[in-house]
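What follows is each chain in one-letter form.
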Amino acid sequence: MKKLGKILLLALLALCLLTACSKKDLSLEIYSLGESETDDVAALDTILEEGEAILASIDAPTDQAVTEGLAVAHTYHYRQMRDPAALAARYIEFLQTEENGFVPMDGENHKLAEPPETDLLWGTVILGKAAAENEEAGKRILRVIVGWSEYAVAVQVAYINGSILPPVVPKETEGEQTEAAPKPTDIAGQVEYFTSLDPQELGLEGSDMKEYMVFPQQGWVMVDDISCRVISVYRQDAQTASNVLVGTFYLSSDLSQIFKQTGEGQITPVQVTTGD
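These lines cover the structure that appears in this document, whether it is placed above or below.

Conventions adopted
- Residues numbered from 1 in each chain as written.
- Predicted model: local features only at pLDDT ≥ 70, side-chain atom pairs only at ≥ 80, totals over all residues.
- Heavy atoms only, no water.
- Helix = DSSP H or I, 4+ residues; strand = E, 2+ residues; numbered from the N terminus.
- Polar contact = N/O pair within 3.5 Å; in protein donor to acceptor, adjacent residues only side chain to side chain.
- Phe/Tyr/Trp six-rings, centres within 6.5 Å; stacked < 30°, edge-to-face > 60°.
- Buried < 20%, exposed > 50% of the residue type's maximum accessible area, 1.4 Å probe, protein only.
- Lys NZ or Arg CZ within 6 Å of the ring centre and 35° of its normal.
- Pairing = 2+ DSSP bridges.

1. Regarding the side chain of threonine 75
Structurally, the position occupied by threonine 75 is in strand S5 (residues 73–79). Among the polar contacts listed, one links the side chain of threonine 75 to the side chain of glutamine 156, at a separation of 3.4 Å.

This is the structure:
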């Protein structure tokens, strides 16, 4: 099985919970990775109106992880907004202004050919731009992931290796495409299908996927030459009130196959019954 290094919302190494946190108590102007001011990202807080949302928690890497040179990320969780999708869409548009300079991209670092879809109950949009020069680290992308569900918005900031690539141009092979060929399912259809599955067949606890938050990724990635959408599954930790990543899945565009990423980074197939 192939390894995919670009996954949605990385497993986080430590949790710093901010209790009773509000915009009045704590207002972030920037998200900083602590390396270069050039790579400071204008925070979601800068576009919030008074009382529009609450910064509920911040996930940050441990000092040891930073010292060891591991890939690190900072994730900021916001709650108590009226319309998470609309707020996320506004922030995504803000990051794409000339002043901020981010562009939407897929999980393989290709710039999206079309604007990302944000009018969804759940969603994730990846944005990136070239990071400040660092001879030791080499070429890197300053990546921002904006994810939202029915009740929350999360923003993750991280460095990843590589450069932003041109958009993927679909290959048109004469005679291959027929009227009977199945069309790729859109995000809404894939989420509807995925949330109808039995969690235990996916290796998750519980009896209903409604107990989880499902974040689909814009764009497609290839798993064993199959076009798939990355779907990250989160569950709320009752003790910390934070969202915990419990699984990363790859759902084929025609809903016929599901793959799951293991703790070792391997991508393995999952057998599920559809109930048809």
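So, next bit.
2. Some words on the packing of aromatic side chains
We describe a pair of aromatic rings using the distance from one ring centre to the other and the angle between the two ring planes. Taken as a whole and judged by the stated rule, the model has four aromatic pairs. A ring pair is formed by phenylalanine 215 and tyrosine 234, whose centres lie 5.5 Å apart and whose planes are at 90°; its orientation type is edge-to-face. Taken together, the positions of phenylalanine 215 in strand S10 (residues 213–216) and tyrosine 234 in strand S12 (residues 226–237) put the pair 19 residues apart, joining distant regions of the chain. Of the two residues, phenylalanine 215 and tyrosine 234, neither departs from the other in class, the shared state being buried. The side chain of arginine 229 reaches across the aromatic face of tryptophan 220, ending 4.2 Å from its centre.

3. Remarks on the environment of glutamate 133
Along the chain, glutamate 133 falls in the loop between strand S7 (123–130) and strand S8 (140–148). Here glutamate 133 falls in the exposed class, since its relative accessible area comes to 85%. Separated by 95 residues in sequence, glutamate 133 and threonine 38 have C-alpha atoms that sit 9.7 Å apart.

4. Here we look at the pairing of strand S4 (residues 54–59)
With five of its six residues buried, S4 lies for the most part within the structure. Here S4 pairs with S5 via five bridges, running antiparallel. Residue aspartate 59 lies in a different strand from S5, and its bridge partner there is threonine 75.

Function cannot be inferred from these measures alone, as they are strictly geometric.
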